[in-house]
Amino acid sequence: MSQHLLSSLIFTPVAAALLSLFIPNNSKKTFRVLTLVISAIQLILLIFIVHETRGGSFSSFLLTEKVNWFSIDLGTWGILQAEYFVGMDGLSFSTVTLTVLIMLIAGISSWTIDKNVKGYFILLWILNGAIVGTFVALDFLLFYLFFEFMLLPMYFLIGIWGGPKREYASIKFLLYTLFGSILILIVLIALYISVQNPEVQDQIVHTFNILHMTDPSNYIPGSILDPEQGWMIGSHNSRWWAFLLVFVGFAIKLPAVPFHTWLPDAHVEAPTPISVILAALFLKVGAYGLLRIAYPIFPDVATTLSWFVALVGVISILYGALNALASKDLKRLIAYSSVSHMGFVLLGLASVTTEGVSGAVYQMFSHGIISAILFLIAGVLYDRTQDRMIKNYSGLSSKMPVYFTIVLIGFFASLGLPGFSGFIAEIMILLGAFRSFTANGLIHESFAIIATLGLILGAAYYLWTLQRMFFGPFQVKSEIKPDQLVDLDKREYSMFLPLILLVLLFGIFPQILLDYTNPFAQHFTESLLQAARSIQNP
Amino acid sequence: MEENTTFDLLTGLALLTPLASFLLCLIISERYSWLVTITAPVLLLTSASISIYLFFTIPANTSYLIQLAWFHVGQYTFNGNVELNRLSILMMPLIAVISFLVHLYSVGYMAGDNGIRRYFAMLGFFTFSMLGIVLSDNLLMIFVFWELVGFTSYMLIGHWLEKPAAAKAAQKAFLFNRIGDAGFLVGLMIVWANTQNFDLSNLLHLPEIYSWQTAASLCIFCGVIGKSAQLPLFTWLPDAMEGPTPVSALIHAATMVAAGVFLLARVFPLFTPEALHTVAITGILTALVASLCALNQFDIKKILAYSTISQLGLMVTAVGVGSENAAMLQLVTHAFFKACLFLGAGSIIHSLHFAQQQACLSGRQVHEDFDVQDIRNLGGLRKKLPVTFFTFLIAGASLAGIPLFSGFISKDSIITGVWYWSSNTFSWRWLILISVFAVSLITVLYTFRMVWFIFFAKESRSNLSIVEAPWIMRIPLIVLALASVWFLVSLNPFSASGWFTTGVGDLQHSNLVTLLSSGVVLLALLATWFMYATENKFINSITFLQNSFGLDLLYEKVFGQSVIKLAAVAETTDRKWIDGFLHFTAYTQVSFAHVIAWFDTYVIDGSVNAMAWISGVVGSLTRSFQGGKIQLYIFWALVGLIIFLFFVLI
């Protein structure tokens, strides 16, 4: 049983999706209950995983499953071979846990969907399986497959069940992220023809295995991405271009400025549960890709270009915060704040220090939960009035006091108040980014100092929104009727409560998550710097 | 460092009972909300008693360390150590006792308020966080509690949710504190990069003076500028007066704003001489500016707010000249008399509101709607509010630094410290000395101006029946007033010696200075009498000074507007340029696709059609030979025959 825990986690929702093709179309209740059942099964599997991996070393891969997928003999061109290879380390553990939790919350939030319920949930479950698969795949082709598989359900989910401008938003989202995927595909192919499988001695067998790709000794001499060869394209070598391509590919997903403009539209037009999944999980795939693929496979280029990654990170922090300040739509504001917070992840990653990288992974997890809270907050308002314009509301604290408390908690958690998980993440990232200059010389101290401006701007836009929408005498404008503004019902409360408890738990007892991410961060930092040094000075 | 489990337990209890009060207030349902008026004061009394017990029990100059690890990353550990040292044992009873008195007072002041549970919850959480600041041995933990204190300040200033001005003030307070905290954070980063350790027990005993210490200490000072309302970040404090008066007493006079001064004293060994000069200059400038502003205010609470800023400036100056012990003494005395003044102001406001209500109810004119906080509307209240009058007078005398009161002793020690620091040769330091005397003078002026207007001037509202506040509000006033007289601080009313001051540490004393400062105070009293008790030539205020030297306008117009404009630029960039570029590429692609489509239809398909057309034409041409007309067949057969004969015969 323990051999197939990860696969069960991936294929449970997919199997449910296939089987439910036989369920009649109009039983909404069945689907609502079924989604909770699937999430419950995933939670149980997760508990098994926690139990099985207790005491294991999270700097290496646990619970691995390796099965030969396909192998085609191409004669003189060698053997085309791909494996079904999945495994979990500290990074994957935190992201998979996040996925299971967020999918449960999204499932509860999906109870508001009315039309084409069957199609909606089938797409949701395929999305579920694809996201978990992306986070545990260790074969690049498998990873790419799951990566692409996330796009199509999302396209339909936004395009059919979304808001007024949903067709525009969904096609923009699809084409933009698909463009990024193509860039990754180019690098995938280049890596494939450059890397050989060290387990096969007598002939050259190419491999998609990510772990083999991270070892510089596995490169075929004279291949395009061989570190010793130095193929030049223009003024830089091929590895430099490959890193840049894969960085842009994942940066589009992150989203990093200036590749972020698909995000506000996609978020604003998507229905609430899909916004939650987009913000909490999708964006983490971008960061995950950088941590799993871009940095370990190209350590030499990554360390040379760390200043660039940090620059993109800091620009994202400030630009996202400024745009949030200028937003007139509540959901757009929260979307831009997501851009800003993911900028912190980039900054932590670029520092390549233990606390910086650990902070980046912590921020991925923390932001996942906090952004779920924030988008559910926007959803509460939208479900009642279909109006998210900030200027149309005033004094909501007196009409909806429980909602006001939740909003207070959500906003202060997002702006990094101590006691919530966001503070731990941000302080680790800032400390790591600042120390990076003296520790490994990768990024200058000014990046961290400028990033603190993002904290001030965060306080500014959140408090301003609180002041405009919640304080003062109660008043609503435009088409909104005061009777529509009912306080939270039990279902909504049941979604917020666990999320808030988690945010508090990981803010007060960070060691719980750090026990998983610390080994990963330490291993990542040490091996990256070592590999970079060995490639640059052969 | 020693360890002692009884002290550990007691400290834990003193720290956690206010937190328990917070949690209880959250749990108690609306129906039983009157319960919080009992649970909160009782729990705070427990905390206060334990703190006082610890103050008297723990011997001077010993410290106890309780080691607690919070989390670790890689090989680094972030600790949550608690240290009981001279400073923390001094601050604990101060915070707990004043908080308890404010709790008691609030039971009367906030009676009937809708959000009473939220109010007491936040007061309890504030006390817990403030105790956390003074007990922590770790810079990161201090920062954590520092921010939490800022959060409770936000919630309490904006307590009356329906008041837009309160929300604005709360937001401003949090934002300005955040700006200071960003600086504090940079300071933390510098410390981390150089030592990888936040424990103060290590940081305060560094083997030598490092070059990074100046930058780090100045950045930490940024946090102090924000929290303790120094120049240029002080404008949030006058606005914070929108909150309930007990909140102003506790947070914005006695404790939270004093946290900055406490931090300076706590990390004093980290400061280099250059950093200390900056601190001193900032402090004295703040003290001067604020005292001038206080002299031009008409709202009681605003006068007291500016007075607080000015006193904080004096404390910061004291740290800057190296007399951090004098600063701590002033912090303690200021906490008591300022809280007393604020609670007294609250009592006046409460009594007058009540009188206004009574006038309305009894059917008299509804015009009794004047601003009770404007001192020009008050007058002659000394007969109607005797307890308030006496306590206010005592606390005011202490603020003004009149001999025989606690404020005199503490201010004296500061002036002495500056006196010795400025030495005998003329330098810029003498300017600071002169300014300190000037500030003492102006302090007397604005204090007694306020006292005159409220209690002695001609009565303007004699038709209102004004009565004293309920006893639960009078008791804290009396206690605090008693604490403002000299015997709390030392047995000798003219110099700092005695049981309390030994807790503060060594203080300097000079008889010359004592005489000089007493002389200045006397002079000021005479001046005040002349200006206000005689005809009111000095009623009008200077608007520029009334509005904090125009700083508010500057911040709003220059910084506020420019950030909003920057945000609008960012939004335009996103929409027009980045998205516009994307749309441009999309249009280009679609247009290109149309071109290809045209090419496909007309060129490729066209050539296919052309082929078909040619074969059609050729076909018609060859078909034309089979016309069906016999004459044509004979014609073409004859032509063929002629050609055949031609080739055969030639």
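You'll find the structure just up there.
Residues numbered from 1 in each chain as written. Chains lettered and ligands numbered in written order. Predicted model: local features only at pLDDT ≥ 70, side-chain atom pairs only at ≥ 80, totals over all residues. Heavy atoms only, no water.

Within the element layout of this structure, Ser291(B) appears in helix α12 (residues 273–294). Among all residues touching Ser291(B), those that are not within four sequence positions of it are Ser310(B), Val439(B), Ile442(B) and Tyr446(B). (Helix = DSSP H or I, 4+ residues; strand = E, 2+ residues; numbered from the N terminus. Contact = heavy atoms within 4.5 Å.)

What follows is about the packing of aromatic side chains. All told, the structure shown has 64 aromatic pairs over all chains when counted by the stated rule. Arranged with centres 4.1 Å apart and planes meeting at 20°, the rings of Phe93(A) and Tyr516(A) form a pair that is stacked. Of this pair, Phe93(A) sits in helix α3 (residues 90–109) while Tyr516(A) sits in helix α20 (residues 511–536), and the two are 423 residues apart along the sequence. Members of the aromatic cluster, each reached through a chain of ring pairs, are Tyr403(A), Phe404(A), Phe412(A), Phe470(A), Phe471(A), Phe151(B), Tyr154(B) and Phe174(B). Sitting over the ring of Tyr219(A), Arg239(A) keeps its end group 5.2 Å from the ring centre. Across the ring face of Phe147(A), the terminal group of Lys253(A) is positioned such that the distance to the ring centre comes to 4.2 Å. (Phe/Tyr/Trp six-rings, centres within 6.5 Å; stacked < 30°, edge-to-face > 60°. Lys NZ or Arg CZ within 6 Å of the ring centre and 35° of its normal.)

Below, the discussion takes up the pattern of salt bridges. Residue and element names in this part refer to chain A. Evaluation of the coordinates by the stated rule reveals 15 salt bridges over all chains. Salt-bridge contacts for Lys28 lead to Asp114; the nearest nitrogen and oxygen are separated by 3.0 Å. In this pair, Lys28 sits in helix α2 (residues 28–52) while Asp114 sits in the loop between α3 and α4 (117–136), placing the two residues 86 residues apart along the sequence. Classification of Lys28 as partly exposed rests on a relative accessible area of 33%. (Salt bridge = Lys/Arg side-chain N within 4 Å of Asp/Glu carboxyl O. Buried < 20%, exposed > 50% of the residue type's maximum accessible area, 1.4 Å probe, protein only.)

Taken together, the contacts link 49 residues of chain B with 57 residues of chain A. Around 4,600 Å² of area is buried between chain B and chain A when both sides are counted, 72% of it from carbon and sulfur atoms. In terms of surface lost to chain A, no three residues of chain B exceed Leu161(B), Arg178(B) and Met189(B), which account for 13% of the buried area on that side. Counting across the interface, chain B meets chain A through one salt bridge. Note that Lys172(A) and Asp579(B) form a salt bridge whose closest N and O atoms lie 2.8 Å from each other. At the junction of chain B and chain A, the tally comes to 18 residue pairs in polar contact (both at pLDDT 80 or more). Those elements that provide at least two residues to the side of chain B that touches chain A are β2 (69–73), β3 (76–79), α5 (139–157), α6 (164–195) and α22 (551–623) of chain B. Ranked by residue count, the leading element in the side of chain B that touches chain A is α6(B), at 16 residues. (Buried area = accessible area lost by both parts, 1.4 Å probe. Polar contact = N/O pair within 3.5 Å; in protein donor to acceptor, adjacent residues only side chain to side chain.)

In the case of a regular strand, side chains alternate between the two sheet surfaces. Residues and elements named next belong to chain B. As judged from the four bridges shared by β2 and β3, these two strands associate in the antiparallel manner. When the sheet's bridge partners are listed, His72 is paired in β3 with Thr77. Linking β2 back to β3 in an antiparallel pair, the connection comprises two residues, with Gly74 at a positive phi of about 60°. (Pairing = 2+ DSSP bridges.)

In this section: the side chain of Asn296(B). Residue and element names in this part refer to chain B. Assignment of secondary structure puts Asn296 in the loop between α12 and α13 (300–320). The buried category is assigned to Asn296, whose relative accessible area is 7%. Reaching out from Asn296, the side chain makes a polar contact with the backbone oxygen of Leu292 at a distance of 2.8 Å.

Counting 434 residues, the largest nonpolar core has Phe412(A) and Leu466(A) as the members making the most contacts within it. When residues of this core are assigned to their parent elements, the largest contribution, 19 residues, is made by helix α14 (residues 324–361) of chain B. In this view, Leu466(A) contacts Phe404(A), Val407(A), Leu408(A), Phe411(A), Phe412(A), Phe471(A) and Tyr154(B); residues no more than four positions away in its chain are not counted. (Core = buried A, V, L, I, M, F, W, Y, C linked by side-chain atoms within 4.5 Å.)

Right, let's get into the packing of α14(B) against helix α18 (residues 471–483) of chain B. All names here are of chain B. In contact at an axis separation of 9 Å, α14 and α18 are set at 150° when each is read in the N-to-C sense. Between α14 and α18, the angle falls in the class roughly antiparallel. Considering the relative orientation of α14 and α18, their crossing is left-handed. Contacts from Phe336, Ala339, Cys340, Leu343, Gly344, Ser347 and His350 in α14 reach Met473, Pro476, Leu477, Leu480, Ala481 and Ala483 in α18. Here the residues of the contact of α14 with α18 are counted per class, giving 10 nonpolar, three polar and no charged. (Axes fitted to C-alpha atoms, helices over the stretch in contact; angles between N-to-C directions. Parallel < 35°, antiparallel > 145°, perpendicular 65-115°, else oblique. Left-handed = near helix turned anticlockwise from the far one by under 90°. Nonpolar A, V, L, I, M, F, W, Y, C, P; charged D, E, K, R; others polar.)

In this model, helix α19 (residues 490–508) of chain A (19 residues) spans 27 Å end to end at C-alpha, consistent with the 27 Å of a helix rising 1.5 Å per residue. Buried positions along α19(A) lie against α3, α14 (354–385), α16 (401–414), α17 (421–439) and α20 of chain A together with β2 of chain B. The N-terminus of α19(A) is capped by Asp489(A), whose side-chain oxygen sits 3.2 Å from the backbone nitrogen of Arg491(A). (Expected span 1.5 Å × (residues − 1).)

Helix-helix packing is described using two parameters, namely the angle between the two axes and the distance between the axes. Residue and element names in this part refer to chain B. Interhelical geometry of α13 versus helix α16 (residues 406–422) gives an angle of 40° and a closest axis separation of 9 Å. Here α16 runs oblique to α13, going by the angle between their axes. As α13 packs across α16, the resulting crossing turns out to be left-handed. Taken together, the residues of α16 that come into contact with α13 (itself represented by Gln311, Leu314, Ala318 and Gly320) are Lys411, Ile414 and Trp421. For the contact of α13 with α16, the residue count by class is four nonpolar, two polar and one charged.

Attention shifts here to a nonpolar patch on the surface. Residues and elements named next belong to chain B. A cluster of nonpolar residues, Ile630, Ile634, Leu638, Leu641, Ile643, Phe644, Leu645, Phe646, Phe647, Val648, Leu649 and Ile650, forms a patch on the protein surface that exposes about 1,300 Å² of accessible area. The residue Leu649 is located in helix α23 (residues 630–649) in this model. The exposed category is assigned to Leu649, whose relative accessible area is 68%. (Patch = residues over 30% accessible without salt bridge, like charges linked within 9 Å, V, L, I, M, F, W, Y side chains within 5 Å. Areas by Shrake-Rupley, 256 points an atom, 1.4 Å probe, with all protein chains shown as cover.)

Now for the environment of Ile98(B). All names here are of chain B. Within the secondary structure, Ile98 is located in helix α3 (residues 86–109). In the structure, Ile98 is positioned 54 residues away from Leu44 in sequence and 9.7 Å away in space, judged by C-alpha atoms. Apart from residues no more than four positions distant in its own chain, Ile98 is found in contact with Pro93, Leu250, Ala254, Ala335, Phe336 and Ala339.

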